[in-house]
Amino acid sequence: MASRPKLYYFRGRGRMESIRWLLAAAGVEFEEEFLETREQYEKLQKDGHLLFGQVPLVEVDGMMLTQTRAILSYLAAKYNLYGKDEKERVRIDMYADGTLDLMMMIIGTLFKSPAEKEEDFALIVTRAKTHYFPVFEKILKDHGEDFLVGNTFSWADVQLLEAILMMEELNASVLSDFPLLKAFQKRISNIPTIKKFLQPGSQRQPPPDSHYAEVVRHVLQF
């Protein structure tokens, strides 16, 4: 029996959360080692596991993988969430990259002051409503299927749902002008593996707080 993937990151969302989402969507159980001390991080570096001195780090199939995008594409392919051919895969890549851009705007506010965060969050919600969500609403309308690519559940669907839920944490009515996205959210949220991940007690992480920011600063020393 193959061992479970092992994730090395902080006890929080950051760049690892999309990886947790993808594994959960695939129904794959995984282990986590949370980085809480500088010594843990230095050992990973000393052992040669951090290719560019960065986390996320995922141990899977005898490999130690770094770089979020590379990890996600490998896992999507491994667990059949990456389309049936090159044309579907490039669309999945485009849509996933778009939602990752949106989510990185939120992740990038971690070390800002409360006032700065409030201002940034308002701009991010506006950006989502005027730039990103209209694009995905049109994709769903033009495609006419339950999923973004082909008619099969994929990494693109997983990551769009993750982005929608992050935006709703900032503004509960962010989808009010996007009926197809609202229907998409409900539909994808009811897929059994996703529904399980959305339940309390799962490995899904809460929004970052000041303690999480302090731990990251302590471990990475900046």
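Model, not experiment: these values are computed from the prediction.

Criteria and thresholds
- Residues numbered from 1 in each chain as written.
- Predicted model: local features only at pLDDT ≥ 70, side-chain atom pairs only at ≥ 80, totals over all residues.
- Heavy atoms only, no water.
- Buried < 20%, exposed > 50% of the residue type's maximum accessible area, 1.4 Å probe, protein only.
- Helix = DSSP H or I, 4+ residues; strand = E, 2+ residues; numbered from the N terminus.
- Arc of directions from axis to C-beta.
- Contact = heavy atoms within 4.5 Å.
- Polar contact = N/O pair within 3.5 Å; in protein donor to acceptor, adjacent residues only side chain to side chain.
- 1 Å grid on protein atoms, 1.4 Å probe; cavity = no way out; pocket = protein on both sides within 12 Å on 5 of 7 lines; lining within 4 Å.
- Points joined across faces, edges and corners; volume = space filled by probe spheres on them.
- Nonpolar A, V, L, I, M, F, W, Y, C, P; charged D, E, K, R; others polar.
- Core = buried A, V, L, I, M, F, W, Y, C linked by side-chain atoms within 4.5 Å.
- Phe/Tyr/Trp six-rings, centres within 6.5 Å; stacked < 30°, edge-to-face > 60°.

(A) Geometry of helix H9 (residues 210-220). When we look at burial in H9, the residues that qualify are Tyr-212, Ala-213, Val-215, Val-216 and Val-219. Along H9, the residues classed as buried sweep out an arc of 160 degrees about the axis, all on the same side. Residues Ser-210, His-211 and Glu-214 are exposed on H9 and point more than 90 degrees away from its buried face. In this fold, the buried residues of H9 make contact with strand E1 (6-9) and helix H2 (38-46). N-cap assignment for H9: the residue whose side-chain oxygen lies 3.2 Å from the backbone N of His-211 is Asp-209. In the segment just after H9, Gln-221 is the residue with positive phi, at about 55 degrees.

(B) Expanded view of empty space enclosed by the protein. The full count for this structure, using the stated rule, is one cavity of 30 Å³ or more. Approximately 50 Å³ is the volume attributed to the largest cavity. If you trace the largest cavity, you find it lined by Arg-13, Glu-17, Trp-21, Glu-162, Leu-165, Met-166, Glu-169 and Arg-204. With four residues, the top contributor of residues to the lining of the largest cavity is helix H6 (residues 155-170). Taken together, the residues of the lining of the largest cavity sort by class into three nonpolar, no polar and five charged.

(C) Expanded view of the nonpolar core. Counting 72 residues, the largest nonpolar core has Phe-10, Ile-19, Phe-133, Leu-148, Phe-153 and Leu-181 as its most contacted members. At ten residues, H6 tops the list of elements feeding residues into this core. When sequence neighbours within four positions are dropped, the list of residues in contact with Phe-133 reads Leu-102, Ala-128, Ile-164, Met-167, Val-174, Leu-175, Phe-178 and Leu-181.

(D) Here's a closer look at the packing of aromatic side chains. Considering all chains together, one arrives at eight aromatic pairs under this definition. Consider the rings of Tyr-82 and Trp-155, whose centres lie 5.7 Å apart with planes at 65 degrees: the pair is edge-to-face. Of the two residues, Tyr-82 sits in the loop between helix H3 (68-78) and helix H4 (86-107) while Trp-155 sits in helix H6, which places them 73 residues apart along the sequence. Of the two residues, Tyr-82 and Trp-155, both sit in the buried class. Pairing Phe-111 with Phe-222 gives two aromatic rings, centres 5.1 Å apart and planes at 85 degrees, and the pair type is edge-to-face. Of this pair, Phe-111 sits in the loop between H4 and helix H5 (114-143) while Phe-222 sits in the segment after H9, placing them 111 residues apart in sequence.

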